[in-house]
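# Per-entry structural report
Next come the chains, spelled out residue by residue.
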Amino acid sequence: MYGRKGFKLISELDLYSDILPFNEALIKEILQEMQSLYDANVANSNAIRNDNNMALLPSVQLRHIALKRNKRCILAYIYNRMRKLKELRWELGSILPPEINTNLINAEVQWFQSYNKSLAKYMRSLGEDHGFNLTTNMVPPKTLYVEVKCVEDFGKLELDDGQVILLKKNTYHLLPRSVCEPLIRQGILEHKST
Amino acid sequence: MFVENLERGFYRLVKHDRCLLLVNFDVDAICACKILQLLFKYDNMMYTLVPVQGVQDMVRAFEENCEEVKNIIFINCGGTLDLVELLQPAESVIFYILDSHRPYDLCNIYSEDQVRILGKPDEDDEIPEYNDVFRDDDSSDENETDEESASDRSQTKRRRLNEEDIVKRAGRREWSEKRATILFNYTQYSYYGKSSAMIMFEMAWNMTKDNLDMIWWAIIGSTEQAILGKVESRLSVLDEGFLQAHVSRLTHKKGAEVDKQQQQQSTVKITYDKEYPFESNFCVRYSLLLVLYRHWTVEDSLRHSVPTAVSLRLWSLRGEQRLKGLLADMGLPLAQSKQRFSAMDLALRQEFKQMVEKLAGKYKVDTIIGTSFTLQYGYKFKYCASDIVYAMLALIESSSKTKLPQGCFLDALDCLSRTKKDILESGIEKAKLMLKTVFKTAQTILQLKEIRNTGSFLYVIIPEGSADNFIFAHPYPLMMLAQFTLKAYVDSSKNRRAPELPLVASAVYNAEERMCIMIGIPPVCEDQPRSLFGRAFEQAAKNTNSYIDADYFDSTIIRLKIEERPKFLDALASLLA
């Protein structure tokens, strides 16, 4: 039946929220299906034109719809992957973790880089001279300072105002959120909420 | 220097700078620190908190963190040491001391600016006058010798000077003798003062930044002092009255808000169970001072509470029968008494308090009826202040080879926040284990009659080798054990002098390094828990030339080599005789 494979592609997208390896094999199959549909349609439409055999018209129409549907499915697949990548850029920053990177195809990597570039360019144009990082504080922070517990020995940390803090295992600090966030991601600090 | 107005003399000064908090390993310190942390959080003040277990720890923490920190706050540590001498801080560093250990070091008290002690001096502290201890003309000593050597201008002057000198010297000798006795009297006893958490709460209250959480922490801080017998009962009763007034004030304020918001479920409720109803509208509720009874079985709770265990003599076989008798008199079926309290029949649970209260007189366990605070948060979270104290004590002392003590400290800190129920539950389980071990060990000691009497004090050495005994390497379980055995001994002994005798308990600290830990507790008869062991240990060590490691902030706890222990005890006996 026509369109089954397209449906499979979309349901794969729907089932998993993270980026899976690009399903090239399935897409190839869909393209083959489309090719065969197209070939059949060309043959039939030639027949209609030459022999004026109107009985073939409904089947041509049906195939045409199937063709369009497959196309929509593939486009939706590609578009949605792109959208997810875009979200990741805002969440994780300009460098993707390797486990996601391996799942991308070349074109996607290129797109991601160019997206990065244009975003960076835009952010640089904001603010006076310094640029403005749009990706921080996507949700307004409730407090500027957070309570953190140090989980690993880190050594000295210099704050924006030049103060030096020694981060040693099992000490407890109240520090500015902006300084802590990367360290919390690295697993050196642990956020404590009361 | 004492700072009496904490807001002006302490909080406003530290507000603009980052500060370093050094916190001792005890429940009161953790509570005080928690209140301070919340205040700092309100004001967006950066701080670094470092748990310190002993003097060496404190020095190390100071050295690591002292860069660029101007304000250093010591909570329940450092007050008894000469901090300036010990830490050699830069001129600009200011020490704030919040310490319930007494007596304060005199150099801290009379430091002009660098050391500031938070709180008022107590009346019973009997702090010597400045002139009795320090002499501003100390420097003239050197001047004179300088003069003597340098000025050979006139002999007459010199002779006169010599006469003056003799008089002066005699005066100085007299003064220094007097100084020695004054110092001896001042430092003879080590004891505890007002709970640090209470002082912090009072400060928060004066700044009108107090809330129910803070008062709850203050309650826990003072409950710990009461449970471990750190302060006399008179003081803790006074404190309780003070706390209760604040609880009703704060709940009232909160209640008004709640009505508006209709958030009945998440309200925090602290109830105070009072012994005698002074006001008619206050609902009469007796509270039982049984350990963890809400979270344990009735039988276990009765067995492991010190008052019941002592009065019923539960360590003996007869005691066991007496316990059964008590349960039968109460009308509590044995099967029920072996269930978790929360799983008991509702009717029995509701009557439990009255049942115990009725029989308390008959079994001479009146002391288990008393007052306590209970915190209820939502439907599931209901804890008595003493439950939390036991849980925290067990958590603080739960360090092992895989877990650093500092990690345990942070667990205990987490235990105080209402959202970390799982940590609290694990703490309660650990506390049960700890109490069981304490009871079992005490039972062995009492049955084997291992308490030795030297005439001036009692001592007990916890035998090596038992698997459970590693917990006695920590000071608090050992302290609980010592208090329990002393009470039990006094109660069962025929010796009429027994109530006047203090007790020394000792256990293995580190089997590989052959170190043991030793703790001295004051006698039962003294209402004011002042212990003279701090000085006595020091003196005994000096007499025997043995090395003691007085690393703990509580001077009545020391560590020494196991080989030197018998010699040390002999010296202690001759010293106290």
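Scroll up to find the structure this text is about.
Heads up: these notes are all about the structure in this document. (Residues numbered from 1 in each chain as written. Chains lettered and ligands numbered in written order. Predicted model: local features only at pLDDT ≥ 70, side-chain atom pairs only at ≥ 80, totals over all residues. Heavy atoms only, no water.)

A tally of helices and strands in chain B yields 22 helices and 19 strands. Counting every position in chain B, which comprises 577 residues, the buried fraction comes to 54%. A total accessible area of about 26600 Å² is found for chain B, and carbon and sulfur atoms account for 50% of it. (Helix = DSSP H or I, 4+ residues; strand = E, 2+ residues; numbered from the N terminus. Buried < 20%, exposed > 50% of the residue type's maximum accessible area, 1.4 Å probe, protein only. Areas by Shrake-Rupley, 256 points an atom, 1.4 Å probe, with all protein chains shown as cover.)

Next up on the list: the layout of surface pockets. Residue and element names in this part refer to chain B. One number sums up the size of the second largest pocket: a volume of about 940 Å³. Lining the second largest pocket are 32 residues, and of these Phe470, Ala473, His474, Tyr509 and Asn510 lie nearest its centre. Contributing elements (two or more residues each) for the lining of the second largest pocket: α3 (55-65) and β16 (503-510). The element that contributes the greatest number of residues to the lining of the second largest pocket is β16, accounting for 4 residues. (1 Å grid on protein atoms, 1.4 Å probe; cavity = no way out; pocket = protein on both sides within 12 Å on 5 of 7 lines; lining within 4 Å. Points joined across faces, edges and corners; volume = space filled by probe spheres on them.)

All names here are of chain B. With omega at -5°, the peptide bond leading from Arg102 into Pro103 counts as cis. As for its placement among the helices and strands, Pro103 is situated in the loop between β6 (101-102) and α5 (106-109). You will see that Gln88, though not glycine, has its phi angle at about 50°, which is positive. Among the secondary structure elements, Gln88 is positioned in the loop between α4 (83-87) and β5 (94-98). For Gln88, a relative accessible area of 59% translates into the label exposed. Backbone geometry at Lys449 places phi at a positive 50°, although glycine is not the residue there. Along the chain, Lys449 turns up in the loop between α19 (421-447) and β14 (452-453).

Right, let's talk about the environment of B:Ile548 for a bit. Residue placement: B:Ile548 occurs in strand β18 (residues 548-549). The sequence separation of B:Ile548 and B:Cys384 amounts to 164 residues, and the corresponding C-alpha distance is 39 Å.

Glancing now at the packing of aromatic side chains. Two numbers describe a pair of aromatic rings. These are the distance of the centres and the angle of the planes. Residues and elements named next belong to chain B. Evaluation of the coordinates by the stated rule reveals 19 aromatic pairs over all chains. A ring pair is formed by Tyr293 and Phe352, whose centres lie 5.8 Å apart and whose planes are at 35°; its orientation type is tilted. Of this pair, Tyr293 sits in the loop between β10 (287-288) and α12 (298-304) while Phe352 is found in helix α16 (residues 346-360), placing the two residues 59 residues apart along the sequence. You can call Tyr293 buried: its relative accessible area is 5%. Members of the aromatic cluster, joined through ring pairs, are Phe457, Tyr459, Phe533, Phe537 and Phe568. A cation sits over an aromatic face here: Arg530 above Tyr191, 4.0 Å from the ring centre. (Phe/Tyr/Trp six-rings, centres within 6.5 Å; stacked < 30°, edge-to-face > 60°. Lys NZ or Arg CZ within 6 Å of the ring centre and 35° of its normal.)

Moving on to the pairing of strand β3 (residues 47-52) of chain B. Within β3(B), 6 of the 6 residues are buried, which leaves the element mostly enclosed by the surrounding structure. Taking every second residue as pointing to the same face, both faces of β3(B) are buried, with B:Tyr47, B:Leu49 and B:Pro51 on one and B:Thr48, B:Val50 and B:Val52 on the other. Inspection of the sheet shows strand β4 (residues 172-176) of chain A paired to β3(B) by 3 bridges, in the antiparallel sense. Following the sheet pairing, A:Tyr172 is matched in β3(B) by B:Leu49. Pairing geometry for strand β2 (residues 19-24) of chain B and β3(B), over 6 bridges, is parallel. (Pairing = 2+ DSSP bridges.)

Treat this as a map of the structure, not an account of what it does.
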